[in-house]
Amino acid sequence: MTGGPGAVLVMGEALIDLVPSPDDRLVQHAQPGGAPANVAAGLAALSTPSWFAGTLGGDGFGRAIEERLVSAGTELGLCGRSELPTALAVADPGPDGTGYHFHLQDTATFRIAERAAEAGEFGAVYVGGLAAVVSPAAEAVAATARAAAERSVLVVDPNVREDRVVDAESGGRRLRELCGLAGIVKASDEDVLRLWPGADPSETCRRLAREGRLVVLTRGSRGATAYTRAGEPVTVPAVPVEVVNTIGAGDAFMAAVLNWLSREGAFARAGELSPAGVAEMLGFASRVAASVVAQEGTQPVPVPVS
């Protein structure tokens with residue numbers, strides 16, 4: 001196995017999104033997804049070495065996910081295999097975004113092995129998504145995250161989901177603990193409100209950043225703001241685009257942030273970036289996210305850095 005200071009270990013779920021056809025909602029299109037798998041594929045598409053540490057199912061969906069990851073250039077040397085089926089996320093697109101109904105029990109997707117021993121071999125380790133809160137994957141994610149916080153740079157995208165299969169109290173506690181370990185946190189305003197209810201999301205991000213983190217708050221069409229200990233928050237607007245699909249836009253944004261930090265050799269000093277550097281990073285990530293919003297699918301199209 002070869003990681004390295006510019007490589008990212010991505011740990012979490014790869015599943016299938018069932019997305020209704022715009023012409024007939026009774027027709028569902030199967031689309032490889034899962035936030036961590038999207039990030040791993042996005043990183044590889046942007047030419048950052050990424051290693052996906054999840055588990056793929058033994059069905060046709062698992063094979064389709066593997067083909068998607070391999071075609072993007074993602075390394076699967078730390079990816080597990082199981083004869084169990086692949087988890088499903090039934091998408092429910094609406095005017096305010098896409099909701100999901102999950103089918104997770106007795107699937108390969110959450111039979112994930114911990115990778116604490118390998119965490120220090122990468123410049124950054126990304127965790128988040130459903131695997132951070134759904135057992136038995138959650139225990140493996142937590143162990144790997146603790147090792148990454150000590151030996152690498154832990155990146156957390158809480159990607160909070162409100163669904164009956166996930167216990168809100170224990171899931172929220174797990175995600176807050178991961179954010180507390182992280183050197184880089186990327187979250188939507190909805191994520192922050194759900195994890196720290198009653199507090200202004202901006203103030204929560206300021207507090208997290210004061211402890212030395214890079215904290216990126218995404219607000220959909222209202223743009224994104226980054227918080228560091230070194231300076232005032234930096235905000236960039238969303239890139240105007242004709243929206244075709246919103247699924248995977250946040251994951252593409254996350255992949256672009258990590259791609260930028262990898263190219264700059266800045267994982268370990270992300271919380272100390274200059275305002276100019278933060279603005280460049282956010283602008284690039286916004287353009288990459290827009291490339292996903294403007295097309296079907298979740299894989300970003302490489303765009304100019306500046």
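Refer to the structure printed above.
Reading guide: rules and limits
- Residues numbered from 1 in each chain as written.
- Predicted model: local features only at pLDDT ≥ 70, side-chain atom pairs only at ≥ 80, totals over all residues.
- Heavy atoms only, no water.
- Buried < 20%, exposed > 50% of the residue type's maximum accessible area, 1.4 Å probe, protein only.
- Helix = DSSP H or I, 4+ residues; strand = E, 2+ residues; numbered from the N terminus.
- Right-handed = clockwise from strand over helix to strand, strands pointing away.
- Pairing = 2+ DSSP bridges.
- Axes fitted to C-alpha atoms, helices over the stretch in contact; angles between N-to-C directions.
- Core = buried A, V, L, I, M, F, W, Y, C linked by side-chain atoms within 4.5 Å.
- Contact = heavy atoms within 4.5 Å.
- Polar contact = N/O pair within 3.5 Å; in protein donor to acceptor, adjacent residues only side chain to side chain.

*Asks:* So what's going on with the pairing of strand E10 (residues 154-157)? Which residues, and what values?
*Replies:* Burial of E10 is two-sided: the residues Leu 154 and Val 156 facing one way and the residues Val 155 and Asp 157 facing the other way are all buried. Handedness of the crossover joining strand E9 (residues 122-128) and E10 through helix H3 (residues 137-151): right-handed. Direction of pairing for E10 relative to strand E11 (residues 184-188): parallel, over a ladder of two bridges. Paired with Val 156 across the strands is Val 185, a residue of E11.

*Asks:* Residues and numbers for the sheet that holds strand E4 (residues 50-53), please.
*Replies:* The eight strands are arranged E4-E1-E9-E10-E11-E12-E13-E14 in an open sheet whose pairing can be described as mixed. Each having just a single partner strand, E4 and strand E14 (234-236) make up the two edges of the open sheet. Put simply, the sheet's adjacent strands are angled 20° from each other on average, direction ignored. Judged from the four bridges that link them, strand E1 (residues 4-11) and E4 form a sheet pairing that is parallel. Considered in E4, the bridge of Val 8 is made with Ser 50.

*Asks:* Requested: an account of the nonpolar core, with residues and values cited.
*Replies:* By size, the foremost hydrophobic cluster in this structure holds 52 residues, and its most contacted members are Phe 52, Tyr 126, Leu 258, Leu 261, Met 281 and Leu 282. Counting residues per element, this core draws most heavily on helix H7 (residues 249-263), at nine residues. Not counting chain neighbours up to four residues away, the residues in contact with Met 281 comprise Leu 214, Val 216, Val 257, Trp 260, Leu 261 and Leu 273. By size, the runner-up hydrophobic cluster in this structure holds 51 residues, among which are Ala 53, Leu 78, Leu 130 and Trp 196.

*Asks:* Break down the environment of Arg 263 for me, citing the residues and quoting the values.
*Replies:* Tracing the backbone through its elements, the reader meets Arg 263 in helix H7. Residues Arg 263 and Thr 48 lie 215 residues apart in sequence; the distance between their C-alpha atoms is 8.1 Å. There is a polar contact of 2.9 Å between the side chain of Arg 263 and the side chain of Asn 259.

*Asks:* Explain helix H1 (residues 35-45) to me, and be specific about the residues and the numbers.
*Replies:* For H1, the tally of buried residues reaches 11 of 11 residues, placing the bulk of the element in the interior. Those residues of H1 that are buried lie in contact with E1, strand E3 (28-33), E4, helix H2 (60-72), E9 and H7. Two residues or fewer past H1, Ser 47 is found with a positive phi of approximately 75°.

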